[in-house]
Amino acid sequence: MAHRVCVVGGGSFGSVVARVAANGVGAHPGTFKQTIPWWVRRPEMAEEINEKRVNSQYLGAAHLPEALQASTDLGEVSKGATVCIIALPGEFLANVLALLDQSLHQDCV
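Throughout what follows, the structure given in this document is the object of discussion. Because the structure is a prediction, the values reported are computed rather than measured.

Definitions and limits used
Residues numbered from 1 in each chain as written. Predicted model: local features only at pLDDT ≥ 70, side-chain atom pairs only at ≥ 80, totals over all residues. Heavy atoms only, no water. Helix = DSSP H or I, 4+ residues; strand = E, 2+ residues; numbered from the N terminus. Rg over C-alpha atoms; globule rule 2.2 N^0.38 Å. Buried < 20%, exposed > 50% of the residue type's maximum accessible area, 1.4 Å probe, protein only. Contact = heavy atoms within 4.5 Å. Areas by Shrake-Rupley, 256 points an atom, 1.4 Å probe, with all protein chains shown as cover. Lys, Arg positive; Asp, Glu negative; His and termini not counted. Charge placed at Lys NZ, Arg CZ, Asp CG, Glu CD. Arc of directions from axis to C-beta.

Here we look at the overall build of the protein chain
- Scanning the protein chain for helices and strands turns up 5 helices and 4 strands.
- The helix and strand sequence of the protein chain, counted from the amino end, reads β-α-β-α-α-β-α-β-α.
- Taken over C-alpha atoms, the radius of gyration comes to 13 Å for the protein chain, in line with the 13 Å a tight globule of 109 residues would show.
- Principal-axis analysis of the C-alpha atoms places the extent of the protein chain at approximately 35 × 35 × 20 Å.
- The buried share among the 109 residues of the protein chain stands at 39%.
- In the protein chain, once contacts between residues fewer than 6 apart in sequence are set aside, the share between residues at least 24 apart is 69%.
- Carbon and sulfur atoms make up 55% of the accessible area of the protein chain, which amounts to about 6,000 Å² in all.
- Here the protein chain holds 8 positive side-chain charges and 10 negative ones, and the gap between their average locations is 4 Å.

Rendered as structure tokens:
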């Protein structure tokens, strides 16, 4: 079974981690599903990522891989993920973790 990776967080750290994760899954197609759902809080950021392949606020003009699919729907992004990369400030963790508990795969790391 190929692992399903998701990324939670669209700030500077989350954007860099998402980019690195996309490059990593691309190098291992038999191990990981090749699309990474990525939760970002703001709809305009998700739109820019999906349409222009950049997150200009945090990464300037750095290109984001096609494997990244940004969304503001945390439940959909994390649904069934077996690997969840969380890149959020500490003050948001408790609320987000409570929501993730309902949607991640039971063996998620």
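Focus on helix 2 (residues 43-52)
- Listed in full, the buried residues belonging to helix 2 are Met-45, Ala-46, Glu-48 and Ile-49. Along the axis of helix 2, the buried positions cluster into a sector of 165°, meaning they face one direction only. For helix 2, the exposed residues lying more than 90 degrees away from the buried face are Pro-43, Glu-51 and Lys-52.
- Check the buried side of helix 2 and you find it contacts strand 2 (36-39), helix 3 (56-59) and strand 3 (68-71).
- Of the residues one or two after helix 2, Arg-53 is the one with positive phi, at around 60°.

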